[in-house]
Amino acid sequence: MSPQHDQFQLSSAQAEVLRNTLIDQQHPGSLLQDFAMLLTFIHENAPQLTGTLLLPLKVLEPLNARLAHPIQHGLRRPQQKSFPHLNGLFWLVRTSGLTRVDKTGKKPRLQLDEPTYHSWQALNPTEQYCTLLESWTLRAQSEIIGERDAFGFNRVVEMWDSLYHRVPAGGLSVAGNADLEQSLGHFPGYHNLALMALFGLVTVQSAPPLPGMGWRIAKIQRTLLGEALHVLVRRFIFGDPQQTRDGLWFRYSVSSEIPIGALQPVLQPYWPAWQNNLRISGTEFCGDLHIFKVALTKDIWRRIAIAGTDLLDELSDIILRAYGFDFDHLYRFTYMNRFGGESYANHPYLEEAPFTSEVRIGDLPLEVGSEMSYLYDFGDHWDFTVTLERIEPRQGTPQAQIIATQGDAPEQYYVWSDEEEEA
């Protein structure tokens with residue numbers, strides 16, 4: 001069975017592998033055991049995050065030691081990415097919707113979302129495993145861990161493809177091959193490789209550490225479960241190769257729009273224990289009055305009150321009025337979605353949805369302390385920071401208002417002096 005055949009059609013043997021798969025805390029990998037450990041740590045500590053919203057250095061070694069299979073390394077000052085399994089698990093706790101970043105204090109903290117966590121605890125092991133598999137393959141935007149995504153989607157299944165095409169039936173020997181070690185660090189990335197091992201999609205034999213080097217890999221082997229899941233997930237995302245634009249990739253503008261449980265019809269025939277899906281809080285519409293601080297610099301800002309029932313189009317209009325700018329240019333709002341990744345809403349004249357003329361402010365996954373970027377005029381690049389300071393009960397049908405100002409607005413267009421023109 002070649003990877004080229006596997007990616008298109010599930011064999012009867014692969015279907016039987018899926019039906020016979022045991023899913024519990026230790027099987028098919030240590031995913032659920034290690035994930036539960038990290039959730040417990042977050043629940044008990046609400047750790048303070050770095051400026052890039054990653055785990056602080058001081059907790060990395062202790063957390064690595066608590067994994068079912070801690071890695072060894074030869075680094076003097078390891079960072080989060082130096083612990084690929086921990087980095088991957090952190091990616092999952094963010095992109096699953098189980099955690100929130102609290103920015104109301106001086107420094108951001110990672111907290112469990114209690115209603116979502118209660119829903120998680122009610123799921124059986126198969127449901128938990130499938131929830132995380134879906135979060136990783138469909139919604140895990142890589143900027144959460146300092147990487148970049150393409151076209152609003154992660155590239156996990158492409159990474160999966162690439163790795164499987166490189167790993168022969170007898171396994172892939174890695175240690176001592178500097179070019180291979182380096183290329184695996186980029187594609188699929190050690191965090192994706194570690195997650196593949198945690199999910200039981202590959203087995204990874206570690207090599208002894210060397211001074212100044214991180215996790216070293218001796219050998220990688222595909223698993224029968226991984227090959228079977230690869231067929232199903234790849235076909236679901238990219239569609240039938242004989243058809244066009246019938247895969248999930250073509251049906252959504254960004255990965256955060258994919259509904260919870262999208263993979264359930266694909267996997268439930270083999271894993272009937274997948275009956276319930278995670279209920280994620282914080283996605284409800286909020287029509288109350290939103291108070292935003294819209295800043296160009298520390299000393300130049302405007303405070304704006306606008307109802308959640310208003311469109312982002314209307315927020316753009318009042319920002320421009322507050323700064324005395326004209327309305328002749330395109331713009332984009334960018335914000336953190338409920339899964340920790342980057343989402344956006346575009347000027348209606350741009351090509352990519354969603355559009356600001358269709359998105360209500362109250363539909364955005366904003367909490368007090370949340371920030372958006374409002375980029376106006378893609379040529380002159382006016383970049384405003386829009387911070388939600390508070391939410392107040394709405395009375396009647398309030399009009400958007402400018403309620404406070406600080407600092408003089410800059411000139412929108414630079415005026416050339418006669419001396420500059422002569423020069």
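Residues numbered from 1 in each chain as written. Predicted model: local features only at pLDDT ≥ 70, side-chain atom pairs only at ≥ 80, totals over all residues. Heavy atoms only, no water.

Student: So what's going on with the overall build of the protein? Which residues, and what values?
Tutor: Looking only at helices and strands, the protein features 13 helices and 12 strands. Looking at the protein residue by residue over its 423 residues, the buried ones come to 53%. Side chains of the protein carry 34 positive and 50 negative charges; the gap between the two charge centres is 9 Å. (Helix = DSSP H or I, 4+ residues; strand = E, 2+ residues; numbered from the N terminus. Buried < 20%, exposed > 50% of the residue type's maximum accessible area, 1.4 Å probe, protein only. Lys, Arg positive; Asp, Glu negative; His and termini not counted. Charge placed at Lys NZ, Arg CZ, Asp CG, Glu CD.)

Student: Explain the pattern of salt bridges to me, and be specific about the residues and the numbers.
Tutor: Tallied over the entire structure, the rule returns 11 salt bridges. Among the salt bridges present, the one from E367 reaches R100, with a minimum N-O distance of 1.9 Å. Residue E367 is located in the loop between β9 (342–346) and β10 (371–376), and its partner R100 is located in strand β1 (residues 99–102); the two are separated by 267 residues in the primary sequence. Relative accessible area serves as the criterion here: at 19%, R100 is assigned to the buried category. (Salt bridge = Lys/Arg side-chain N within 4 Å of Asp/Glu carboxyl O.)

Student: Just give me the short version of the pairing of strand β2 (residues 109–112), but keep the residues and values in it.
Tutor: The alternating pattern of β2 places L110 and L112 on a buried face, while none of R109 and Q111, on the opposite face, is buried. Relative to β2, β1 is paired through four bridges, and the arrangement is antiparallel. Paired with R100 across the two strands is Q111, which belongs to β2. Between β1 and β2, which pair antiparallel one after the other, the connecting turn spans six residues. (Pairing = 2+ DSSP bridges.)

Student: Help me get a handle on the packing of helix α2 (residues 12–19) against helix α10 (residues 224–238), residues and values and all.
Tutor: The contact between α2 and α10 brings their axes to 9 Å, and the two run at 110 degrees. Accordingly, the angle class assigned to the pair α2 and α10 is roughly perpendicular. Two secondary-structure elements touch here, α2 through Q14, V17 and L18 and α10 through L224, L225, E227, A228, L229, V231 and L232. Classifying every residue of the contact of α2 with α10 by side-chain character gives eight nonpolar, one polar and one charged. (Axes fitted to C-alpha atoms, helices over the stretch in contact; angles between N-to-C directions. Parallel < 35°, antiparallel > 145°, perpendicular 65-115°, else oblique. Contact = heavy atoms within 4.5 Å. Nonpolar A, V, L, I, M, F, W, Y, C, P; charged D, E, K, R; others polar.)

Student: Report on helix α3 (residues 31–45), specifying residues and quantitative values.
Tutor: In a regular helix each residue adds 1.5 Å, so 15 residues correspond to 21 Å; α3 covers 21 Å between its end C-alpha atoms and thus fits that length. If you check which residues of α3 are buried, you get L31, L32, D34, F35, M37, L38, L39, F41 and I42. Two residues or fewer after α3 comes A46, characterised by a positive phi angle close to 40 degrees. (Expected span 1.5 Å × (residues − 1).)

Student: Go over the sheet that holds strand β8 (residues 331–336), please, and point to the residues and values.
Tutor: The antiparallel open sheet is built from seven strands, whose spatial order is β9-β8-β10-β11-β6-β7-β12. In this open sheet, the two edge strands, each paired with only one partner strand, are β9 and β12 (401–406). The mean inter-strand angle of the sheet, taken between neighbouring strand axes irrespective of direction, is 25 degrees. Strand direction decides the pairing type here: β8 and β10, joined by five bridges, are antiparallel. Residue pairing in the sheet places F333 in a bridge with Y374 of β10. Relative to strand β7 (residues 300–307), helix α12 (residues 312–323) is tilted by about 145 degrees, and along the sheet it contacts β6 (289–297), β7, β8, β9, β10, β11 (382–392) and β12.

Student: For the environment of F35, give the residues involved together with the corresponding values.
Tutor: Turning to its location among the elements, F35 is positioned in helix α3. Among the residues examined, F35 registers a relative accessible area of 1% and is labelled buried. With 62 residues separating them along the chain, F35 and G97 place their C-alpha atoms 14 Å apart.

Student: Could you give me a rundown of the sheet that holds strand β3 (residues 172–173), with the residues and numbers involved?
Tutor: Spatial strand order, β3-β5-β4: three strands in an open sheet with antiparallel pairing. Sheet topology places β3 and β4 (202–206) at the edges, where each strand pairs with a single neighbour. Together, β3, β4 and β5 (217–222) form the strand contacts of helix α9 (residues 178–199), whose direction differs from that of β4 by roughly 115 degrees.

Student: Can you explain the layout of surface pockets? Please cite residues and give values.
Tutor: Reported here for the largest pocket is a volume of approximately 920 Å³. Lining the largest pocket are 40 residues, with K103, Y335, M336, N337 and E371 positioned closest to its centre. Looking at the lining of the largest pocket, the elements with two or more residues in it are β1, β8, β10 and β11. Residues of the lining of the largest pocket, tallied by class, amount to 14 nonpolar, 15 polar and 11 charged. Roughly 660 Å³ of volume is contained in the second largest pocket. For the second largest pocket, the lining is made up of 29 residues, of which G185, H186, G189, Y190 and H191 are closest to its centre. Contributions of two or more residues to the lining of the second largest pocket are made by α5 (84–95), α8 (156–166) and α9. By residue class, the composition of the lining of the second largest pocket is 12 nonpolar, 10 polar and seven charged. (1 Å grid on protein atoms, 1.4 Å probe; cavity = no way out; pocket = protein on both sides within 12 Å on 5 of 7 lines; lining within 4 Å. Points joined across faces, edges and corners; volume = space filled by probe spheres on them.)

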